[in-house]
Structure formats: C-alpha cells, structure tokens
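Structural features, examined
This is what each chain is made of:
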Amino acid sequence: IERTLVLLKPDAVQRKICGEIISRFERKGLALTALKLLALPPETAAKHYEEHLGKSFYPALIEFITSGPIVAMVLSGPNAVKVVRAMMGTTNPVDAMPGTIRGDYATVMSSNIVHGSDSIASAQREIAIYFTEQELV
Ligand code: ATP
Ligand code: MG
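What you see is a predicted model, and the numbers here were worked out from it, not measured in a lab.

**A look at the overall build of the protein**
Tallying secondary structure elements over the protein gives seven helices and four strands in all. Counting from the amino terminus, helix and strand elements in the protein follow one another as β-α-α-β-α-α-β-α-α-β-α. Expected size for 137 residues packed as a compact globule is a radius of gyration near 14 Å; at 14 Å, the protein falls within 12% of this value. If you line up the protein on its principal axes, its C-alpha atoms span 35 × 35 × 25 Å. The buried share among the 137 residues of the protein stands at 31%. The contacts in the protein between residues at least 6 apart in sequence include a share of 71% that link residues at least 24 apart.

What follows is the structure in structure tokens.
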C-alpha cells in the first residue's frame, strides 16, 4: 500500500477547514495512517523545502509555513501519491480546477492550503521528517 505525506498549511488551520479537507481525502478512500498538529521549527521547514533553497520565493515560503500551526498526516491507499496530487490541484490556485482543494479554497500561490508529496521517493523522505516508524499505524 502506497503512502504519502500531506500537510494542511497554516492558512488551512487558521481558516478552520482542516476537518473539511481531511473529509475529502477520507471520502476518496484514502486511510489516515498518522496525524498530528505541530508548529514547524524553521530548521524542519528548511529540510522539508530544501529543493527550493535559493529560489526567489524561498524566504516567503519558509516564513509562511512557520507562521502558525500546521497539520501533518500520512495518507495511505492505492496510488496515494498521485491521487492526493490530483485532488490538490495545481500549485497556483488561479489555474487549479474547481473541485480540487486549491481550486475550491485558495486564490494565491503563497497561501495554497495543502502540501502533498510529489513522488514516492519524496513521500518516503518527507514522512521521515515528520513521523517516526512507530507513529505510523
Ligand atoms: P507543495 O510542495 O507545497 O505541495 P507544490 O509541490 O505544488 O507545492 P512546489 O513547486 O513544490 O509546488 O512549491 C512549493 C511551494 O512554494 C508552493 O506550494 C508555493 O506556495 C510556493 N511556490 C512555488 N513556486 C512559486 C512561485 N513561482 N512563486 C511563489 N511561490 C511559489
Ligand atoms: Mg512540492
């Protein structure tokens, strides 16, 4: 069974739509395998987004993702990585189709509600940043 890491970003927590978003994933058929609310330390944020180090938007990205509590979860199911990415919609909410999470809840790229691992390799790397093996049910 495939696993993927999903983050509900500070804007999702602040807007109190975490339950709605988790419901979408559950309704789709994905299983919750781990779940926590946390304030992301800057060093952990840097590790998570290391692929973007040096890009123009990197400082704002780290500032945003550490601006308030986030929800981290591992979702499991067949094709979990691709299924979650499809449900999220495109990175820029302007282009995200209605019916996707970003298409339904976001308007700007800097606050786009949700993160999902972009490959199985990324999922393995990212899950280990947030969860110990023991925390995965
Ligand atoms: P995420 O990794 O957060 O799930 P993603 O995989 O769709 O999003 P990435 O390319 O990994 O997109 O970018 C990570 C985050 O950095 C995006 O969610 C967005 O908030 C921000 N970002 C990406 N590209 C840009 C850009 N060109 N301008 C501003 N912000 C950007
Ligand atoms: Mg990404």
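**Observations regarding the sheet that holds strand β2 (residues 31–38)**
What the four strands build is an open sheet, ordered β2-β3-β1-β4; its pairing is antiparallel. Since the sheet does not close on itself, it has two edges, and those belong to β2 and β4 (114–116), each with one partner. Ignoring which end each strand starts from, the neighbouring axes of this sheet average 15 degrees apart. In the packing of helix α5 (residues 80–88) onto the sheet, contacts are made with β1 (2–8), β3 (70–77) and β4, and the angle to β1 comes to roughly 30 degrees.

**Digging into the site of ligand 1**
Around ligand 1 lies a shell formed by H52, F57, L61, T91, M109, S110, N112, H115, G116 and D118. Here the residues of the shell around ligand 1 are counted per class, giving three nonpolar, six polar and one charged.

**So, the UniProt feature "active site" (unreviewed entry) in the protein**
The positions UniProt marks with the feature "active site" (unreviewed entry) are H115. Within the secondary structure, H115 sits in strand β4. If sequence neighbours within four positions are ignored, H115 has contacts with V6, L7 and K9.

**Some words on unusual backbone geometry**
In this structure, N79 is a non-glycine residue whose phi angle is positive, near 55 degrees. Relative to the elements of secondary structure, N79 occurs in the loop between β3 and α5. Phi at I113 takes a positive value of approximately 75 degrees, unusual for a residue other than glycine. Residue placement: I113 occurs in the loop between α6 (101–105) and β4.

**Side note on the nonpolar core**
Core analysis: the biggest nonpolar cluster contains 27 residues, and V6, L75, V84, I101 and V114 have the highest contact counts within it. Where this core is concerned, the elements lending two or more residues are β1, α2 (18–28), β3, α5, α6 and α7 (120–130). Here V84 is in contact with T4, V6, L75 and G116, once residues within four sequence places are set aside.

**Some details on the pairing of β1**
Taken across its seven residues, β1 has six buried, putting it largely inside the fold. Of the pairings in the sheet, the one linking β1 to β3 comprises seven bridges and is antiparallel in character. Paired with E2 across the two strands is G77, which belongs to β3. Note: β1 against β4, three bridges, orientation antiparallel. The residue of β4 that forms the bridge with L8 is V114.

Cut-offs used in this document
- Each chain has its residues counted from 1, running along the sequence as written.
- Chains and ligands are labelled by the order in which they are written, letters from A for the one and numbers from 1 for the other.
- Side-chain atom pairs in this predicted model are given and counted only at pLDDT of 80 or more, local residue features only at pLDDT of at least 70, and totals for whole chains, interfaces and linings cover all residues.
- Each helix is a run of H or I in the DSSP string that is no shorter than four residues. Each strand is a run of E no shorter than two, and both are numbered from the N terminus.
- The globule rule is 2.2 Å times the number of residues to the power 0.38, and the radius of gyration it is compared with is taken over C-alpha atoms.
- Three classes are used. A residue is buried when 20 or more other C-beta atoms lie within 10 Å of its own, exposed when 12 or fewer do, and partly exposed in between, with C-beta atoms placed from the backbone.
- We call two residues in contact whenever the C-beta atoms placed from their backbones are within 7 Å.
- Criterion used throughout: strands pair if DSSP finds at least two bridges between them.
- Orientation is described by lines fitted to C-alpha atoms, with helices fitted over the stretch in contact, and by angles between N-to-C directions that extend from 0 to 180 degrees.
- Being near a molecule or strand means, for a residue, that its backbone-placed C-beta atom lies within 6 Å of it.
- For this classification, the nonpolar set comprises Ala, Val, Leu, Ile, Met, Phe, Trp, Tyr, Cys and Pro, the charged set comprises Asp, Glu, Lys and Arg, and every other residue, Gly included, is treated as polar.
- UniProt positions are given in the numbering used here, feature names are shortened, and annotations may be inferred rather than shown by experiment.
- A set of buried residues drawn from Ala, Val, Leu, Ile, Met, Phe, Trp, Tyr and Cys, joined through C-beta atoms within 7 Å, is what defines a nonpolar core.

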